[in-house]
Amino acid sequence: MKIYTKTGDKGTTALYGGTRVLKHHLRIEAYGTTDELNSYIGLIRDQEIDDRTSQTLLKVQNELFTIGAMLATPPEKEKLKSGKDRLNIHKISPKDISYLEDEIDVMDQDLPQMTNFILPGGHQTVSFCHIARCVCRRAERLAVQLDQNEPIDISILQYLNRLSDYLFVLARKLTFDNKSVEIPWIPSKIDG
């Protein structure tokens, strides 16, 4: 199988099922941003982190590929019930979302209570995690926008929302694992 097909040389790409769209189509933006997020998750996994976190992030990476496939499937292909054009793709399940919630709860037990917003940074691994969280929020915004134009599976929105929460709590956990200090955001008073 060759990597280059030349079919996209005029600015179009194929969705799952063969429908061709422009490369700046909102559906492409949504799953492209999900792919970008997946790459940042891989960058976090490449850091010195505990095995449980590494395994959770590996699970997340696989689920982001599933979300990418879901986003790459146009509604008319997804809704076909039978026939040769029907696409059977794996879906995100409530179990996948619950898993993230459970992991958040486990990490949260060992963290001090938050009293302020926290400035990103303090350690390179923590910063990577905050970047991934921001990309996750962008992927979520694009998925919400896509859903308004072409309804998508609600589990995608739920998963991305929960994943950004997970990444925030993970950043806090990694701060403490690396013996870094959380810097609270304290708004300065503007005299006027």
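Residues numbered from 1 in each chain as written. Predicted model: local features only at pLDDT ≥ 70, side-chain atom pairs only at ≥ 80, totals over all residues. Heavy atoms only, no water.

Core analysis: the biggest nonpolar cluster contains 40 residues, and Leu37, Leu64, Tyr159, Leu160, Leu163, Tyr166 and Leu167 have the highest contact counts within it. Broken down by secondary-structure element, the contributors of at least two residues to this core are helix 1 (26–45), helix 2 (51–71), helix 4 (94–109), helix 5 (124–149) and helix 6 (154–177). Per element, the largest residue contribution to this core is eleven residues, and it comes from helix 6. Filtering out sequence-adjacent residues up to four positions away, Tyr159 remains in contact with Val60, Glu63, Leu64, Ile67, Ile92, Asp96, Ile97 and Leu100. (Core = buried A, V, L, I, M, F, W, Y, C linked by side-chain atoms within 4.5 Å. Buried < 20%, exposed > 50% of the residue type's maximum accessible area, 1.4 Å probe, protein only. Helix = DSSP H or I, 4+ residues; strand = E, 2+ residues; numbered from the N terminus. Contact = heavy atoms within 4.5 Å.)

Side chains of Phe117, Leu119, Ile183 and Trp185 sit close together on the surface and give an oily, nonpolar patch of about 430 Å² of accessible area. Residue Ile183 is classed as partly exposed on the basis of its relative accessible area of 47%. (Patch = residues over 30% accessible without salt bridge, like charges linked within 9 Å, V, L, I, M, F, W, Y side chains within 5 Å. Areas by Shrake-Rupley, 256 points an atom, 1.4 Å probe, with all protein chains shown as cover. Salt bridge = Lys/Arg side-chain N within 4 Å of Asp/Glu carboxyl O.)

Once that is clear, we can look at the side chain of Thr56. With respect to the secondary-structure elements, Thr56 resides in helix 2. Each residue touching Thr56, except ones within four places of it in the same chain, is listed here: Tyr99, Glu103 and Tyr166.

A few words on the environment of Leu71. Structurally, the position occupied by Leu71 is in helix 2. Separated by 44 residues in sequence, Leu71 and Arg27 place their C-alpha atoms 6.4 Å apart. Not counting the four nearest positions on each side in its chain, Leu71 is found in contact with Arg27, Ala30, Tyr31, Thr34, Leu146, Ile152 and Ile156.

Next up on the list: the side chain of Glu140. Looking at the secondary structure, you find Glu140 in helix 5. When sequence neighbours within four positions are dropped, the list of residues in contact with Glu140 reads Leu157, Leu160, Asn161 and Ser164.

If you check helix 6, its first and last C-alpha atoms are 34 Å apart, about what 24 residues at 1.5 Å a residue would give, namely 34 Å. Burial analysis of helix 6 places 17 of its 24 residues in the buried class, which makes it a mostly covered element. At the C-terminal side of helix 6, Lys179 shows a positive phi close to 55°. (Expected span 1.5 Å × (residues − 1).)

Over the atoms rolls a probe the size of a water molecule, and in doing so it shows where empty space is left. For the second largest pocket, the calculated volume is near 190 Å³. Every residue lining the second largest pocket is listed: Tyr31, Gly32, Thr34, Asp35, Asn38, Leu64, Phe65, Gly68, Ala69 and Ala72. For the lining of the second largest pocket, the secondary structure elements donating two or more residues are helix 1 and helix 2. Ranked by residue count, the leading element in the lining of the second largest pocket is helix 1, at five residues. Class assignment for the residues of the lining of the second largest pocket results in five nonpolar, four polar and one charged. (1 Å grid on protein atoms, 1.4 Å probe; cavity = no way out; pocket = protein on both sides within 12 Å on 5 of 7 lines; lining within 4 Å. Points joined across faces, edges and corners; volume = space filled by probe spheres on them. Nonpolar A, V, L, I, M, F, W, Y, C, P; charged D, E, K, R; others polar.)

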